[in-house]
Amino acid sequence: DRVEFVSFFDHVIDRFEMNKNEKVEFVRNLSNKNMYVWMDKDKITQVLDNIISNAIKYSPEGGSIRFSAHSTKKQLRVSITDEGIGMPPDTVDKIFDRFYRVDKSRAREMGGTGLGLAIAREMIEAHHGKIWAESREGKGTTVHFTLPLMSQKRRGQS
Ligand code: ATP
Ligand code: MG
C-alpha cells in the first residue's frame, strides 16, 4: 500500500513510548515533509518493532534512543540510535545473519532467538531497500535502513 511514512513511524514510536519504562528517553527527529512509500505495513512494522526492541533491550538506565526519518534524493532513510552496550566492529555485519548473537552468555540472559534482524533484512530487501548498522562498543549502536520513495506525482499522472 501507499503509506505516508512519517506519521506511520510516529505512531509506531508512540506505541513503544506508552509501554516503555521511564529509564529510557525517546528523541524524535522526523522530517516535516510527507514521504510516501509503497510498502507492506505489517512487514515494516515488524522490522521497526525488532529494531526498537533491540535498542530498548540493550540500552542502559538513563539512555536515550534517537529516531530519525529523512529523505535523501529518491530514498527514505530511517535511523535508530541507542546509547547501549554496542558491539565489536567485526560483528556489526553479522547481526543480520540468522541466529547470530554477539555474545552467547549475554544473549542467553537477554532472551530472543537471533532471528529478528535476519527477518528485518529479508523484509527490507524485499522492499528494494538496504539495512546496516554502525556500532561502538560501550557507546551505542545505530541501525539504518532505506526504502525507495514514491515519486511526488498527483493522482491521475503516470
Ligand atoms: P530476537 O530478535 O529473535 O528476539 P535477538 O534480539 O537476539 O533475538 P536480533 O534482533 O537478530 O536477535 O539481533 C542479533 C544480535 O545482535 C543480538 O543478539 C545482539 O547481540 C545484537 N544486537 C542487536 N541490536 C543491538 C543493539 N541495539 N545493541 C547491541 N547489540 C545489538
Ligand atoms: Mg531482536
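This text follows the structure it describes.
Since we're looking at a predicted model, the values are computed, not measured.

Description of the overall build of the protein chain
A tally of regular secondary structure across the protein chain gives 4 helices and 7 strands. The C-alpha radius of gyration computed for the protein chain amounts to 16 Å, which stays within 12% of the reference 15 Å derived for 158 residues, consistent with globular compactness. Projected onto its principal axes, the C-alpha positions of the protein chain cover 55 × 30 × 25 Å. Out of the 158 residues in the protein chain, the part that is buried amounts to 42%. Partitioning the intrachain contacts of the protein chain with sequence separation of at least 6 by distance along the chain shows that 67% fall at a separation of at least 24. Summed over all atoms, the accessible surface of the protein chain reaches about 9,500 Å², with 47% contributed by carbon and sulfur. Of the charged side chains in the protein chain, 26 are positive and 22 negative; the average position of the first set lies 6 Å away from that of the second.

What about the pattern of salt bridges?
Summed over the entire model, instances satisfying the criterion amount to 8 salt bridges. Between R28 and D10 there is a salt bridge, and its shortest N-O distance comes to 2.8 Å. On the criterion of sequence distance, the pair formed by R28 in strand β2 (residues 25–30) and D10 in helix α1 (residues 5–19) is long-range, its members being 18 residues apart. A residue is classified by how much of its surface remains accessible, and R28, at 29% relative accessible area, is partly exposed. D10 gets classed as partly exposed once you look at its relative accessible area, which sits at 28%.

Things to note about the coordination of the magnesium ion (ligand 2)
On the protein side, the magnesium ion (ligand 2) has N50 (OD1) and N54 (OD1) as donor atoms, found 2.2 to 2.4 Å from it. In this pair, N50 and N54 are both assigned in helix α2 (residues 41–57), 4 residues apart and thus about one turn of the helix distant. Neither residue differs from the other here; N50 and N54 are each classed as buried.

Some points on α2
For α2, built from 17 residues, the straight-helix expectation of 24 Å at 1.5 Å per residue is met to within 8% by its first-to-last C-alpha distance of 24 Å. When we look at burial in α2, the residues that qualify are I44, T45, V47, L48, N50, I51, I52, N54 and A55. The inward-facing, buried residues of α2 contact α1, β4 (64–72), β5 (75–82), α4 (116–126), β6 (131–136) and β7 (140–148). N-capping of α2 is provided by D40, with a side-chain oxygen placed 3.1 Å from the backbone N of D42.

Looking at the site of ligand 1
Taken together, 19 residues sit near ligand 1, with N54, D82, R101, T113 and L117 positioned nearest. Side-chain polar atom of T113 to an oxygen atom of ligand 1: 2.6 Å apart, as the coordinates give it. G114 is positioned such that a nitrogen or oxygen atom in its backbone is 2.9 Å from an oxygen atom of ligand 1. For ligand 1, whose unbound accessible area comes to 600 Å², protein coverage reaches 93%.

Regarding the environment of V102
Residue placement: V102 occurs in the loop between β5 and α3 (104–110). Once residues within four sequence positions are removed from consideration, V102 is found in contact with M87, P88, T91 and I95.

Let's talk about the packing of aromatic side chains
Where two aromatic rings form a pair, the distance of their centres and the angle of their planes describe that pair. Under the definition given, this model contains 4 aromatic pairs. Seen from their ring centres, F5 and F9 are 5.6 Å apart, and the 40 degrees between their planes marks the pair as tilted. Residue F5 and its partner F9 are located together in helix α1, separated by 4 residues, close to a single helical turn. F9 gets classed as buried once you look at its relative accessible area, which sits at 0%. Lying across the ring of Y36, R2 places its NZ or CZ 4.0 Å from the centre. Directly above the aromatic system of F26 lies the positively charged group of K20, at a separation of 5.4 Å from the ring centroid.

Rules of the game
- Residues numbered from 1 in each chain as written.
- Chains lettered and ligands numbered in written order.
- Predicted model: local features only at pLDDT ≥ 70, side-chain atom pairs only at ≥ 80, totals over all residues.
- Heavy atoms only, no water.
- Helix = DSSP H or I, 4+ residues; strand = E, 2+ residues; numbered from the N terminus.
- Rg over C-alpha atoms; globule rule 2.2 N^0.38 Å.
- Buried < 20%, exposed > 50% of the residue type's maximum accessible area, 1.4 Å probe, protein only.
- Contact = heavy atoms within 4.5 Å.
- Areas by Shrake-Rupley, 256 points an atom, 1.4 Å probe, with all protein chains shown as cover.
- Lys, Arg positive; Asp, Glu negative; His and termini not counted.
- Charge placed at Lys NZ, Arg CZ, Asp CG, Glu CD.
- Salt bridge = Lys/Arg side-chain N within 4 Å of Asp/Glu carboxyl O.
- Donors = N, O, S within 2.8 Å, 3.2 Å for Na, K, Ca; no water.
- Expected span 1.5 Å × (residues − 1).
- Polar contact = N/O pair within 3.5 Å; in protein donor to acceptor, adjacent residues only side chain to side chain.
- Near = heavy atom within 4 Å.
- Phe/Tyr/Trp six-rings, centres within 6.5 Å; stacked < 30°, edge-to-face > 60°.
- Lys NZ or Arg CZ within 6 Å of the ring centre and 35° of its normal.

So, to be careful, I would describe these as geometric facts and stop short of saying anything about function.
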